Amino acid sequence: MGETGRHKWFSFHHHRSASATSMPQNNPGETPTEFLCPITGFLMSDPVVVASGQTFERISVQVCRNLGFAPKLNDGSQPDLSTVIPNLAMKSTILSWCNRKKVEHPRPPDYAYVEGVVRARMDKEPGTVVNRVARSEILPPVAENSPSDYESVMGAIRSRSRNSISSSTSLPLHHHRPVSYSENPNPIQSSFSTSDYSSYPPMSEEEEEIYNKLRSANTVDHEQGLILLRKTTRTSETSRISLCTDRILSLLRSLIVSRYNIVQTNAAASLVNLSLEKPNKLKIVRSGFVPLLIDVLKSGSTEAQEHVVGALFSLAVEEENKMVIGVLGAVEPLLHALRSSESERARQDAALALYHLSLIPNNRSRLVRAGAVPMMLSMVRSGESASRILLLLCNLAACSEGKGAMLDGNGVAILVGKLREGGADSEAARENCVGALLTLSVGNMRFRGLASEAGAEEILTGIVESESGSERLKEKAGKVLQAMRGGEREFGEGAEAREWNRMLEASGLSRSQFQGGQKEGFAYSSQF
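Small disclaimer: the values here were computed from a predicted structure and weren't measured.

Caption draft 1: Quick look at the overall build of the protein chain. When you go through the protein chain residue by residue, the secondary structure sums to 27 helices and three strands. Taken across its 528 residues, the protein chain has 57% of its residues classed as buried. Residue pairs at least 24 apart in sequence account for 71% of intrachain contacts in the protein chain once pairs closer than 6 positions are excluded.

Caption draft 2: Layout of helix H22 (residues 427–441). Its 15 residues give H22 an end-to-end C-alpha distance of 21 Å, which sits within 8% of 21 Å, the value for a rise of 1.5 Å per residue. Taking burial as the measure, the 15 residues of H22 include 13 buried ones, the bulk of the element. Looking one or two residues beyond H22, the residue adopting positive phi is Gly-443, at roughly 60°.

Caption draft 3: Layout of the sheet that holds strand S2 (residues 55–57). Taken together, three strands build an open sheet; the order of strands is S2-S1-S3 and the sheet is antiparallel. A strand with exactly one partner marks an edge of an open sheet, and here the two such strands are S2 and strand S3 (84–86). Going across the sheet, the axis of each strand differs from the next one's by a mean of 40°, ignoring polarity. Inspection of the sheet shows strand S1 (residues 47–50) paired to S2 by three bridges, in the antiparallel sense. Bridged to Val-49 within S2 is Thr-55. Sitting on the sheet, helix H2 (residues 58–67) touches S1, S2 and S3, and the angle it makes with S2 is about 85°.

Caption draft 4: Focus on helix H10 (residues 261–275). End to end, H10 covers 21 Å across 15 residues, agreeing with the expected 21 Å (1.5 Å per residue, within 8%). Burial within H10 is extensive, with 13 of its 15 residues counted as buried.

Caption draft 5: Quick peek at the packing of H2 against helix H4 (residues 111–124). At their nearest, the axes of H2 and H4 sit 9 Å apart, and the two run at 55° to each other. Accordingly, the angle class assigned to the pair H2 and H4 is oblique. In this structure, H2 crosses over H4, and the sense of that crossing is right-handed. Contacts between H2 and H4 involve Ile-59, Ser-60, Val-63, Cys-64, Asn-66 and Leu-67 on the former and, on the latter, Tyr-111, Val-114, Glu-115, Val-118, Arg-119 and Met-122. Here the contact of H2 with H4 is composed, by residue class, of eight nonpolar, two polar and two charged.

Caption draft 6: Spatial organisation of the pattern of salt bridges. Scanning the entire structure with this criterion turns up 14 salt bridges. Across the pair Glu-104 and Arg-107 runs a salt bridge, and its minimum N-O distance is 3.0 Å. We classify Glu-104 as exposed; its relative accessible area is 54%. Within the structure, one salt-bridge network assembled from shared partners comprises Glu-431, Arg-472 and Lys-476.

Caption draft 7: Seen up close, the packing of helix H13 (residues 302–316) against helix H16 (residues 344–357). H16 packs onto H13 with a crossing angle of 25° between their chain directions and a minimal axis gap of 8 Å. The pairing of H13 with H16 is recorded here as roughly parallel in orientation. The way H13 lies across H16 gives a crossing that is left-handed. Residues Glu-306, His-307, Val-309, Gly-310, Leu-312, Phe-313 and Ala-316 of H13 lie in contact with H16, whose contacting residues are Arg-345, Ala-346, Asp-349, Ala-350, Leu-352, Ala-353, His-356 and Leu-357.

Caption draft 8: Spatial organisation of the side chain of Ser-60. Assignment of secondary structure puts Ser-60 in helix H2. Each residue touching Ser-60, except ones within four places of it in the same chain, is listed here: Cys-37, Ile-39, Thr-40 and Val-114.

Caption draft 9: Quick peek at the confidence of the model for the protein chain. Residues of the protein chain with pLDDT of at least 70 account for 71%, and the chain-wide mean is 76. Predicted confidence in the protein chain is weakest over helix H1 (residues 3–13), with a mean pLDDT of 38, and strongest over H10, with 95. Per-residue pLDDT stays below 50 along residues 1–22; that stretch engages in 42 contacts with residues further than four places along the chain or on separate chains. In this model, residues 506–526 is a region of pLDDT below 50 whose contacts with residues beyond four sequence positions or in other chains number 60 contacts.

Caption draft 10: Inspection of the environment of Thr-83 at higher detail. Along the chain, the position of Thr-83 falls in the loop between H2 and S3. Accessibility expressed as a relative area gives 2% for Thr-83, which makes it buried.

Caption draft 11: Up close: the nonpolar core. The biggest cluster of nonpolar side chains holds 103 residues, and the ones touching the most others in it are Leu-252, Leu-293, Leu-334, Leu-338 and Leu-460. Membership of the second largest hydrophobic core comes to 27 residues, among which are Leu-81, Ile-94, Trp-97 and Cys-98.

Caption draft 12: Up close: the pairing of S1. Residues Pro-47 and Val-49 line one face of S1 and the alternating positions Val-48 and Val-50 line the opposite face, and both faces are buried. Relative to S3, S1 is paired through three bridges, and the arrangement is antiparallel. Looking across to S3, one finds that Val-48 is bridged to Pro-86.

Caption draft 13: Molecular detail of the environment of Ser-341. Residue position: Ser-341 is located in the loop between helix H15 (331–340) and H16. Taking C-alpha positions, Ser-341 is 8.3 Å from Thr-302, a pair spaced 39 residues apart along the chain. Ser-341 has contacts with His-336, Ala-346 and Arg-347, leaving out every residue within four places of it along the chain.

The rules we used
Residues numbered from 1 in each chain as written. Predicted model: local features only at pLDDT ≥ 70, side-chain atom pairs only at ≥ 80, totals over all residues. Heavy atoms only, no water. Helix = DSSP H or I, 4+ residues; strand = E, 2+ residues; numbered from the N terminus. Buried < 20%, exposed > 50% of the residue type's maximum accessible area, 1.4 Å probe, protein only. Contact = heavy atoms within 4.5 Å. Expected span 1.5 Å × (residues − 1). Pairing = 2+ DSSP bridges. Axes fitted to C-alpha atoms, helices over the stretch in contact; angles between N-to-C directions. Parallel < 35°, antiparallel > 145°, perpendicular 65-115°, else oblique. Left-handed = near helix turned anticlockwise from the far one by under 90°. Nonpolar A, V, L, I, M, F, W, Y, C, P; charged D, E, K, R; others polar. Salt bridge = Lys/Arg side-chain N within 4 Å of Asp/Glu carboxyl O. pLDDT = per-residue confidence, 0-100. Core = buried A, V, L, I, M, F, W, Y, C linked by side-chain atoms within 4.5 Å.

In structure tokens, the structure reads:
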């Protein structure tokens, strides 16, 4: 939401009077936009992430749920408020910003004031009122300091999902959005906001044919519609964009958790194809797909899980999706897929998905807490997916928890041993192995002793003096040697960022495959 969008919210509620105690005070011209609640426009005191990925003030979500209202945001999207998870990372960032700017910490807004704001919005947007959420469907609040925040919330989501499966139709389906519950006998026709799409642009013939098959109560029609959607979006960029509509996504949400393997598999593969286009990535996450994808990854068919991992990889490329996917609980099932999936493609895509998620600090911490470091060190020792695993370890070594876990887990000796035995057989793997050592060496006195004990100096000197090998590899090895010998130069965050970029280029995967969701980057493994 840019500056224009923020002013739009302010113009919407400034006509209401409120006391100083009911309205948190902040200067909108100086406050980062992402710190402001999209509903009230004020600095958030208790930010929460909703299922569609946006962050709101908790009270704003509570008011909207109690009034049965889903506001249309300035980007045209409508949030899914059925699930909330505390956004502790955002809260910490806001408080740090307040301390740095010497700004008073934000106070929770007055409930009555927020209710007035939302009611005024309801008067302006009568078409966005939805059925109220049953009290039994609202997830209980989660203690911020609870070590099981994410798992408890995901357990509640799964439990609610199972209870909402209808046995009255030929295809048992999962109602992801309890907000939309109605007496409609066809569960597929239910959606978060409304099943009336009269305000949407008219459908093309292509979309109408697919839509009519997907909304049918006949399982055969579902199969045919999904196969047609999958085939149409496999190679056509135009079709991927034109068919990623709210109507199609609403039906895919139900079909992707179908109990019929062929339906679930084709729905997941179709979603992968749609996710390849950059404009679709944020839209798909904000449509509430991430919890559903996680459920399929944990309990779906093998082929469907393979496609789901590809979808999470594709969606994780988008910068705004990284935090949401991590918060909603994708890290642990992706780690399990990386370690245990029967599909080589699923293992590769899981590594790439985790790589992208680990580009932000909070997800690195989640990975470390989930036990990623010992698992990946074990995989490096056994030679599994060495190049990508080493690249991921480089990211984890950039945070204090990851660096400590690698040093405690004998990571230095494992990496040096890999170089000594020639197990890192590709140039990219050797470079990533030395890169991981370089990251561990940054500002760490303990590394010097462990590296010396493992015999790293002899191995690295051999790399530097070798006639083979890239200049980048030799440069990194030289930097590690310099750190071991107590050289004056330190390698700060800027230098680390440059190392990541160089390792990407050397990993056998071009930068376009990791940045911006460009189509050619995913063609080798993720078009179905």
